[in-house]
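Structure at a glance
Take a look at the letters that make up each chain.
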Amino acid sequence: MKTIYLYILDGMAEWEIGNILQALSMEPQLKQGRQDYRIHTISHDGKPVKSLGGLTITPDGSLETLPDDRPVALLLPGADSWERESHHPILDIAESYLAQDVLVAAICGATLALANRGVLNSFEHTSNSPEYLSMFATNYSGQALYHGENVWVDKNLITANSAAGLDWAKAILEYLDVYPVETINAWYQYYSTGNPEFFFKLMAN
């Protein structure tokens, strides 16, 4: 079983992770009962967090209880609390994973946190806008590497803007090779259009 770490924090935009969680939940349906990936949620101290939408979420563990096995990915959702010092350790871990070719996928406010660490000064990336990063990330100087797209993949870093939860999920699925390309495309087309034709294609794969 391949482990994907999902960092959860107070004020997180829980809807931004909805598409990737839904897609991974379909593994048994789309793989004849097999499940190759599991989500392991972590908060900085292992205590429940309150999401921006008002959900109380209890993590599987804390940073201190991370398994020794390296994950295949670390997911960082947007939040209004990334500036807190308590989140510095997970950003240290994210930088370490990037150096070890582990996928790091950040969306919305998490891209700002990475920008403020200087990470986006050496990776092509996207975010809510270049002005957003320049205004709020004092250590950001990567404007020349910015792409005005919903999602961007550079090496083992995936970044996305706040409206791109579906595109972000698709990029993660493709990078990790969770499903065949045809299955991912059918999944994406169905959830972006609602056309039942793509649902039947998805279930037929």
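Just above, that's the structure.
What you see is a predicted model, and the numbers here were worked out from it, not measured in a lab. (Residues numbered from 1 in each chain as written. Predicted model: local features only at pLDDT ≥ 70, side-chain atom pairs only at ≥ 80, totals over all residues. Heavy atoms only, no water.)

Examining the nonpolar core
Formed by 68 residues in total, the largest nonpolar core has its most connected members in Leu76, Trp82, Ile90 and Trp168. For this core, the element with the most residues is helix 6 (residues 165-176), which contributes seven residues. If we ignore the near neighbours within four places in the chain, the residues touching Ile90 are Tyr7, Ile42, Leu63, Leu74, Leu76 and Trp82. (Core = buried A, V, L, I, M, F, W, Y, C linked by side-chain atoms within 4.5 Å. Buried < 20%, exposed > 50% of the residue type's maximum accessible area, 1.4 Å probe, protein only. Helix = DSSP H or I, 4+ residues; strand = E, 2+ residues; numbered from the N terminus. Contact = heavy atoms within 4.5 Å.)

Thoughts on the environment of Asp101
Along the polypeptide, Asp101 turns up in the loop between helix 3 (88-99) and strand 7 (103-107). Separated by 20 residues in the primary sequence, Asp101 and Asn121 have C-alpha atoms spaced 17 Å apart.

Considering the pattern of salt bridges
Summed over all chains, the structure comprises nine salt bridges. When the shortest N-O distance is used, the salt bridge between Lys155 and Asp154 registers 3.4 Å. Judged by relative accessible area, Lys155 falls into the exposed class, the value being 54%. As a salt-bridge pair, Lys170 and Glu174 come within 2.7 Å of each other at their nearest N and O atoms. Placement of both Lys170 and Glu174 in helix 6 is noted, with a separation of four residues, approximately one turn of the helix. On the basis of relative accessible area, Lys170 is assigned to the buried category, the value being 18%. Beyond isolated ion pairs, a larger network of salt bridges with shared partners links Glu27, Lys31, Arg34 and Asp36. (Salt bridge = Lys/Arg side-chain N within 4 Å of Asp/Glu carboxyl O.)

Here we look at a nonpolar patch on the surface
A cluster of nonpolar side chains, Phe199, Phe200 and Met203, forms an exposed patch at the surface whose accessible area comes to about 290 Å². Within the secondary structure, Phe199 is located in helix 8 (residues 196-204). (Patch = residues over 30% accessible without salt bridge, like charges linked within 9 Å, V, L, I, M, F, W, Y side chains within 5 Å. Areas by Shrake-Rupley, 256 points an atom, 1.4 Å probe, with all protein chains shown as cover.)

Remarks on the sheet that holds strand 9 (residues 157-160)
Strands sit in the order 5-2-1-6-7-9-8 across an open sheet of seven strands; the sheet is mixed. The open sheet has two edge strands with one neighbour each: strand 5 (61-62) and strand 8 (151-154). Bridge count for strand 1 (residues 2-7) against strand 6 (residues 73-76) is three bridges, and the pairing is parallel. Residue pairing across strands places Leu6 opposite Leu75, the latter belonging to strand 6. Against the sheet, helix 4 (residues 109-116) engages strand 6, strand 7 and strand 9, with an angle of about 115 degrees to strand 7. Most of the contacts of helix 6 go to strand 7, to which it runs at about 175 degrees, and overall it touches strand 1, strand 2 (37-43), strand 6, strand 7, strand 8 and strand 9. (Pairing = 2+ DSSP bridges. Axes fitted to C-alpha atoms, helices over the stretch in contact; angles between N-to-C directions.)

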